[in-house]
Structures are given as structure tokens and as C-alpha cells.
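Tertiary structure, described
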Number of protein chains: 2
Amino acid sequence: MNDAAADALRPHELAVQTPQRFDAQLWFIGRIRTPWTQRKDCPHRGDAENGPDCRIELFEPWAPGLTGVEARERLQILYWMDRARRDLVLQNPKFGDSATGTFSLRSPVRPNPIASSVVRLLAVDGPVLTVRGLDCLDGTPLLDIKAEFGALP
Amino acid sequence: MNDAAADALRPHELAVQTPQRFDAQLWFIGRIRTPWTQRKDCPHRGDAENGPDCRIELFEPWAPGLTGVEARERLQILYWMDRARRDLVLQNPKFGDSATGTFSLRSPVRPNPIASSVVRLLAVDGPVLTVRGLDCLDGTPLLDIKAEFGALP
């Protein structure tokens, strides 16, 4: 399945007319480097124990914001799933007999395609973090890094 | 301390020149109702066990996206901390002897002020959810609701 086919509506899915105006704006503060270059290759969910090492590269002027991050074992990473459509409220990810609401899923297809993963921090080298636990495409735009005090999934 | 004083730079904090252009846009998909109307009254972190009941009100056209959400015990809520400045990379939240990088904190002050909380779902009534575990101001814009499979914090 290529990315165009992944964007077609499946049985029981519902797309809505989206609002004409947006309400807020984001900066891409960095870029995520992973082994996956096609959506079909991405894992369903990141594995902070046994997944591959991935890199998070901070852009200027944000790199000083990493001060002290080396003391954190776990981080929450927010990123922008820029290839997903944003107008589906009912989805049928497994081509089943019925669809499920977007807000009871973690699918990349959602009004605001912000993904959230908890990762294990392995190394900090200037503006570059090495982490384990991501599941996104290579080149995915980074939105935020936060201290994470919960347990790893 | 009022909100204006909360916005002043503290010792050792560092503000940067932010990028001239934004990279992506968001819709506010709903509104969060909590007991807190001033930042100083908000809890440091939500309490999904003993915190007060809060409401999440979905806007149209997104309400059908709640289909099936009643089966989830826990949800991840993303919201927009629209009162916080976005240009600090070093912060000194406790007025200490040094500042810490934004990305090793969970402060509302960050380039993309997206907050993330895991809540317990108590009730669903049409486009309105009752949940426990939020820490934000009354009227905070909602960005996303996701199934949450991790443990409560």
C-alpha cells in the first residue's frame, strides 16, 4: 500500500467539512531521524526498550533549551504527522465491520496531527539527542520535548 | 502574582529571537472547563484520582469523533496553553541560582505551548466528557483526545 492508497476512505469512515480558519500556529523546532522512510514500515507503536536508536536534531535558536536534559532518563516527544489527512472523525483502521471515533484511537489521522511518544534518552551530543521508542517516519518535524515522570509504556 | 508578573524574565533566564514564520496550523476542537480562573490557582500537575471533575466540550464538526470513547478508562488530552510566552529556552521556575532548559521541564512556557495530561474518563454526555486529572485554566483550548494505554501518573 502506498501513501496515496492509505489516504482513501475505507468502509464506514466519515470525513467532515473542516473549519475555514485555523486558530493557532506552530514552529517546527527540529527534525526526527528514524530508519523508516515509508508509512507502511513504521512500527505501530515505538518500543523504548528494544526499538532502534533514533536521533532528534534541534534547530536554532532552540538548542540551549536542552540544558539539563541529560539528567532525564525519559522524555515525552511531540511531533507533527504531516502526511496524514485531518478531516476524519470515524476511522476503520483494520477494514472492519464498523468504524471508531478518532478520539478513541491513536491513529495519525486526526484534526491536529500531533503525536506523542515516551522515549528513553540514550545520549546528548550538542543539539542532537539519541533516543529509543519512536515510531515515526524519517524527517518528521519535531514540536516539543518535555520531561516525563511517568513509567515507560 | 498576577499574570503580567508571571511573564517577566527571572534571574538566569534566556529568551531567544523566535523564527519569523510559522510552519503549521492548529484548530481548537473544543474547550476545557475547570475550577481554576487564574494561573496561580492551577495545580502543578493534575490528579486523576483525587482532583476535581472537569469538563471537555467538543466543538462541531468534531463531536462524532467521540464514538467509542466511552470504552476507554484513560485518555490523553492535548491542549493549548495560550497565555504563556514562547521564547524562553532557559527557565528558572523556582527563582533558584541557575536556570534549566525548557526541554527538561514541563512548564507551560515553551516554543509550542502544547500541554499533555493523562486523565480518567468518568462520563460521556453527547459532545461533553467529564474527566479527572487536568491542571489547566478554565476555558483552555482543546487540541486532541487520544486513547491512552499507559498507566495513570
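Before going into details, it helps to say that this report is about the structure given with it. All values reported here derive from a predicted model rather than from experimental measurement. (Residues numbered from 1 in each chain as written. Chains lettered and ligands numbered in written order. Predicted model: local features only at pLDDT ≥ 70, side-chain atom pairs only at ≥ 80, totals over all residues. Heavy atoms only, no water.)

Right, let's talk about the overall build of chain A for a bit. Each helix and strand counted, chain A has one helix and 10 strands in total. The helix and strand sequence of chain A, counted from the amino end, reads α-β-β-β-β-β-β-β-β-β-β. Taken over the C-alpha atoms alone, chain A extends approximately 45 × 35 × 30 Å along its principal axes. Considering only intrachain contacts with a sequence separation of at least 6, the fraction spanning at least 24 residues in chain A is 80%. Looking at chain A as shown, the accessible area adds up to about 7,100 Å², and 48% of this sits on carbon and sulfur atoms. Chain A carries 19 positive and 20 negative side-chain charges, and their two centres are separated by 3 Å. (Helix = DSSP H or I, 4+ residues; strand = E, 2+ residues; numbered from the N terminus. Contact = heavy atoms within 4.5 Å. Areas by Shrake-Rupley, 256 points an atom, 1.4 Å probe, with all protein chains shown as cover. Lys, Arg positive; Asp, Glu negative; His and termini not counted. Charge placed at Lys NZ, Arg CZ, Asp CG, Glu CD.)

Every contact between the two is made by 52 residues of chain B and, on the other side, 52 residues of chain A. Of the roughly 5,000 Å² buried at the junction of chain B and chain A (both faces included), carbon and sulfur atoms supply 61%. Counting the surface chain B buries against chain A, the share from its top three residues, B:Gln25, B:Trp27 and B:Phe103, is 18%. Inspection of the chain B/chain A interface yields four salt bridges. Salt-bridge contacts for B:Glu148 lead to A:Arg106; the nearest nitrogen and oxygen are separated by 3.7 Å. Joining chain B to chain A, the criterion identifies 40 residue pairs in polar contact (both at pLDDT 80 or more). (Buried area = accessible area lost by both parts, 1.4 Å probe. Salt bridge = Lys/Arg side-chain N within 4 Å of Asp/Glu carboxyl O. Polar contact = N/O pair within 3.5 Å; in protein donor to acceptor, adjacent residues only side chain to side chain.)

Here the focus is the sheet that holds strand E6 (residues 88-91) of chain B. As a general point, the strands of a sheet are linked pairwise by backbone hydrogen bonds and lie either parallel or antiparallel. Residues and elements named next belong to chain B. As summarised here, the arrangement of the three strands in space is E1-E6-E7, forming an open sheet in which the pairing is antiparallel. Either end of the sheet is taken by a strand with one partner, and the two such strands are strand E1 (14-15) and strand E7 (100-101). The sheet contact formed by E6 and E7 spans two bridges and is antiparallel. Within the sheet, the bridge partner assigned to Gln91 lies in E7 and is Thr100. (Pairing = 2+ DSSP bridges.)

This brings us to the pairing of strand E10 (residues 140-147) of chain B. All names here are of chain B. Across the eight residues of E10, eight count as buried, placing the element largely inside the fold. With three bridges joining them, strand E3 (residues 30-33) and E10 adopt antiparallel strand pairing. Bridge pairing links Arg31 to Pro141 in E10. Note that strand E5 (residues 74-80) and E10 share five bridges and pair antiparallel. By the bridge assignment, Leu75 is partnered in E10 with Ala147. (Buried < 20%, exposed > 50% of the residue type's maximum accessible area, 1.4 Å probe, protein only.)

Let's shift gears to the packing of aromatic side chains. In this description, an aromatic ring pair is defined by two values, namely the gap between the centres and the angle between the planes. All names here are of chain A. Tallied over the entire structure, the rule returns four aromatic pairs over all chains. With a centroid separation of 5.7 Å and 40° between ring planes, the pair formed by Trp27 and Trp62 is classed as tilted. One end of the pair, Trp27, is in the loop between strand E2 (24-26) and strand E3 (30-33); the other, Trp62, is in the loop between strand E4 (53-58) and strand E5 (74-80), and 35 residues separate them in sequence. Residue classification places Trp27 among the buried residues on the basis of a relative accessible area of 5%. (Phe/Tyr/Trp six-rings, centres within 6.5 Å; stacked < 30°, edge-to-face > 60°.)

Attention now moves to the relation of the copies chain B and chain A. Superposing chain B onto chain A takes a rotation of 180° plus a shift of 0.0 Å along the axis, which leaves an RMSD of 0.0 Å. Viewed as a symmetry operation, the transformation between the two copies matches a two-fold axis. Ranked by how close their C-alpha atoms come to the rotation axis, the residues of chain B are headed by B:Gln25, at 2.2 Å. Mapped onto chain A, 100% of the interface residues of chain B are again interface residues, and the two copies thus contact each other with one and the same surface. (Least-squares fit on C-alpha atoms with pLDDT ≥ 70 in both.)

Purely geometric numbers; function is a separate question.
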